[in-house]
Structures are given as C-alpha cells and as structure tokens.
Amino acid sequence: MMKRLKRPIAFLSLLAFSFPFIFLFILSIAKGWNFPNLLPSGYSTERWSGLVQNTGGLLQSLLLSCKIGLVVAIVSTFTGFTISRSISLHSKRKYLLFACYFPLALSPVIYSLLLNHFFLKFNLSGTFMGVVIAQLIITIPFSILLLSSFWNERIRSLEQVSSTLGSNLQQIFFRVLLPVALPQLLICFFQTFLVSWFEYGLTIIIGVGKVQTLTLKVYQYIGEANIFYAALSSCLIVFPPAIFLWINKRYVFSKLN
Amino acid sequence: MTLENTLLNSKIVTRLVIVCFLLLVVVPFAAGLMYAILYSVGLIGILSNGFTTSHISGTVQNPEILFSLLYSFYVASCSMLISLVLSLGGVLFFKSSITKGKWSFFSYLPLAAPAIVTAFVSLQVFNKTGVLSRVLYQTNAISDLSQFPDMVNDSLGIGIITTHVLMATPFFLIFFSNIYEAENLKSLSEVAKSLGASSTKVAEKIAIPLLLKKGLNTILLYFIFVIGSYEIPLILGQQSPQMISVLIVRKMQRYNLIDIPQGYFLSIVYSVVVILLIAVFLKSKKPVI
C-alpha cells in the first residue's frame, strides 16, 4: 500500500517544490490575470525584453545585487578562512565560535536598527559601502562557523608535513591548503553570496531605500500591487540561485561525498 | 624551518587576527546593544533628559508588547511543529532518496527562494482572489469570494505559518535525510526489524528520537530565526498583533519620537531572549553549521 503511494506522493512533492518557480515565470509573462480565471488571459515577453532597456531600474538592481553579493561573498570567504584558522588554534575556541552565533541568530532587521546610528555617524547610511559592510557583519561570522570545521587535526598534520619537507608559507597556502579547502571555500562562497542576494531587512534599514537591490524591488512592486513586475523581479532573484544550487549539487557536493 | 616558526603561525599574527575578529563580530554587537540600553534609559537620543525608566515602564505596561512576543512564539512553535512532522514523515517515507535520487535536485529547489519571494507567492496563492480561491471557484466548491476564508493578513497568522512551513519543510527534509544517511539508520532499522520490531516501532523508538536528537541544535536555531522573521509577517501579517521584528521596526521608524526609546528597549528584550536561547544551544557539543 505504502509502496504504491510512493510515486504519486513523490510526484506531488516534486510539483509542489517547483510550483513557485513555474508560477512566478507564468506571472512574469502574463498580460492579465483576472478572477476567476486560473490562467492569464495572454502572454507576452514584453517585460523580459524591457529588462534590457532597464525598465523600472530592474537591470540596475540586478547588477547592484550581483555586485554587492560578489563583494560580500569574496571578502567574507577570505576573511572567514583566515579568522577560522586562528580561532581553531585559540584556547578559547568554543567561546569565540559561540560569539559568532549572535549576529546570525538576531533578526537582521533588528540588528541593523541597533547599528544604524553608527552607520549614520560614519556617513555610511544609504551607500553601497554601508550595505556591504552591514552584510559583512553578518556573513563573516557565518563563514567562520562554516569553515571552522575545516581546520582539523588532518589539516594541521598536512601543514606540518609540508613545512618539514621545506615548503614556505606561500607554497603551503597555495599548493596545500587551497586545493584541499577548495570545495568548502566554494560552498562558503555560494552560501554567503546567497545570504547577501536574499537580504532585505538589513538592506532597507542601512540602505534607507537608496540602495535598490532586487529584494527591495520585489517589496516595492508588491506595495504598488504590480504583481507582474513583482513576479519578474522574483524570477531574477530565484533563478540564479537555482542554477547555483544545481552547479553546487552537481559538482561541489558530489566531490565532497 | 618548522611551521611554528613561520610568520603565519606566530602568536602576534594570531592575536592580530583575533583582534580583527573581535572588531568585526563582537564589537558591533556589543556597541549596538550598549547604544540601545543607553537610548532606552534616556541617556542619549533626541529626547534625552537624563536617566529615566519611564520608557521601560511604558513599554512593559503596554499589552501590545506582550501580545507581540507571545504571537511570535505562537507562530514559531506552530511553524516548527508542522514542518517537523512533515519533514520527519517525508524522511521516513522516502529515506535517503530525498538527497540521493535522480530527482533530488527538486528537493533543494525551494532553498533558492528567499523569504520575501515565498511570501509573495503565498500572497498570490492564498489571498481572496488567489490561485486557491480560483481553483475552489472553478470546481464549484465556493460560489462567492466571501466564502473563501481569510488566509492572509489574518489574526491566526495562517498565511505566515503556512509560508514558514513551506520554507522550513524542504530544509528539514534535506537536513534529516543527511542525518538518516550519516547515522546509517537504514541498517539500524533493518536490524531492529529482523529482531521483530514493526515499522511503526522502528520509527517511534529508533528513527524519530535519533533524528530529533541529532538535529536539536538546528531546530532551535531555526526556531530563533522564525521568531525574528521580518519579511513574511510584513507582507502576510496584520496590524495587530504583529510579530516582534515588525513591531520593533514600526516603533523605531515612526514620527512619534517617544516610540523610539521603547523600540530600543524592545530590541534589548528580543536580544536577551535570543542570547538565552543560544545559551541553551551552547550546552550541546556538536556544532550546527
């Protein structure tokens, strides 16, 4: 009985998991969607082609989100890798790692409200740099936690063996540590990029609406009851991570397993 | 030249990196919290007139605050409970095929949608003229829009809870599936069955307790995350009661300046709750991430 149900349930789950993506795409190309019709009255690629002409500043927001995401991911992966190594050697390792959970567990919007005064003081509020720094305050502890498990006894032995065999610092870093750490670093890069890419609360508070990332555009269009452009912005948010996830699962996870 | 003699490993560099860590992670958190404390007792801020506890007593006496905290706990508890039941059921039913099978990519797909997009999809599915009401109308289950229940911006938080469940269930499915694989639960179950245990007994006595025990840290962290969620209640919630994050933002961004110190005090209360929950989490040895 249960075995016979397995396939239909699997199919329904598959449909449920992919529904938001299909629905958002259909809505982004819909001409109109009046009640009680289940499907839109017509379809047009006008909105998607308008993207190239930067209609509504969407292309600009897409590029801005990419730029912020890349800067945040690169800086936090590198910083996380360096700091997690020092923490792993520290006698108070447990407490230092414990401190990393605070910025992560707090709601980003509340954390940004607590920090907002300092961003205003240093003229970082409403700037690209301000949003990047604010996001780094969250992504760096995240990458430290993510990479802290990398620095185990095996890696330490590997470093020591390379050193006793005559490798210098650069060689240890580039020829030993980096190749071994690459899958973890890639995961960290993807994850921190996604944290930045998905960020809304922190960006709206520190960016004061001036740093218009894609998530802000979605909320703006929802507020304007412009569901078609909200769907288009949502597509721009969800499709790149979906491709990332596919690459991650196909190439990175498979190497780790 | 041994590794201990190299610059990278020297105590000075390690200390410098730790100072950087403190500046990047600990100092902002402490500074933000300290600023909130000073603001809420009237020592700094636009309306500062020296030390006062009036803002704190004003906040404590406001029933809206208690309701908001309770409402946040209610939403988080319901969301987690439903998600855990669904994901545990899913893992016991599909086993490791969730993350290993041919179609396993689809299990990961919902992770690519942020809270704001999931909330938007929920709004379009569950509102009065949304997909669900259209389906019910087309199948003659309802004949008028008024017959469709309020599923978004409702007092019970159905829309918020449903959206959190939609986000949390795929996450926990993958998470528990990985534990299932790592703990070799398949073999354990087979051994138990060969000794005469039924499938229900295996699930009840072996699989569920083991999955919950191993996943306790992540469950707690996710619970904290739901309590502080912002985008979902912002889009799908109602004016009162509001979830704690939405209420704090509303208080601190109002034109009424008296509300700002109250907002800061509220954010301290929220931070203390989070710290306490993390302290519980610290007791456990295994790292979550």
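Reading the values: the criteria
- Residues numbered from 1 in each chain as written.
- Chains lettered and ligands numbered in written order.
- Predicted model: local features only at pLDDT ≥ 70, side-chain atom pairs only at ≥ 80, totals over all residues.
- Helix = DSSP H or I, 4+ residues; strand = E, 2+ residues; numbered from the N terminus.
- Rg over C-alpha atoms; globule rule 2.2 N^0.38 Å.
- Buried ≥ 20, exposed ≤ 12 C-beta atoms within 10 Å, placed from the backbone.
- Contact = placed C-beta atoms within 7 Å.
- Nonpolar A, V, L, I, M, F, W, Y, C, P; charged D, E, K, R; others polar.

**As for the overall build of chain B**
When helices and strands are counted, chain B shows 14 helices and zero strands. The order of α-helices and β-strands along chain B, N terminus first, is α-α-α-α-α-α-α-α-α-α-α-α-α-α. For chain B, the C-alpha radius of gyration of 24 Å lies well beyond 19 Å, the compact-globule estimate for 289 residues. Oriented by its inertia axes, the alpha-carbon framework of chain B measures out at about 80 × 75 × 30 Å. Looking at chain B as a whole, 39% of its 289 residues qualify as buried. For chain B, restricting intrachain contacts to residue pairs at least 6 apart in sequence, the fraction spanning at least 24 positions comes to 70%.

**Focus on the interface of chain B and chain A**
Taken together, the contacts link 64 residues of chain B with 63 residues of chain A. The set of elements that each furnish at least two residues to the side of chain B that touches chain A consists of helix H1 (11-40), helix H5 (105-108), helix H6 (115-126), helix H7 (131-138), helix H11 (216-227), helix H12 (231-236), helix H13 (244-252) and helix H14 (259-282) of chain B. Looking at the side of chain B that touches chain A residue by residue, the classes come out as 48 nonpolar, 14 polar and two charged.

**Details of unusual backbone geometry**
Cis rather than trans, the peptide bond between Phe35(A) and Pro36(A) has omega equal to 5°. For Pro36(A), the position within the fold is in the loop between strand E1 (30-32) and strand E2 (42-43). Look at the link from Ser240(B) to Pro241(B): it is a cis peptide, with omega at -5°. In this structure, Pro241(B) sits in the loop between H12 and H13. The phi angle at Asn184(B) is positive, at roughly 55°, despite the residue not being glycine. Checked against the element boundaries, Asn184(B) lands in the loop between helix H8 (158-182) and helix H9 (185-194).

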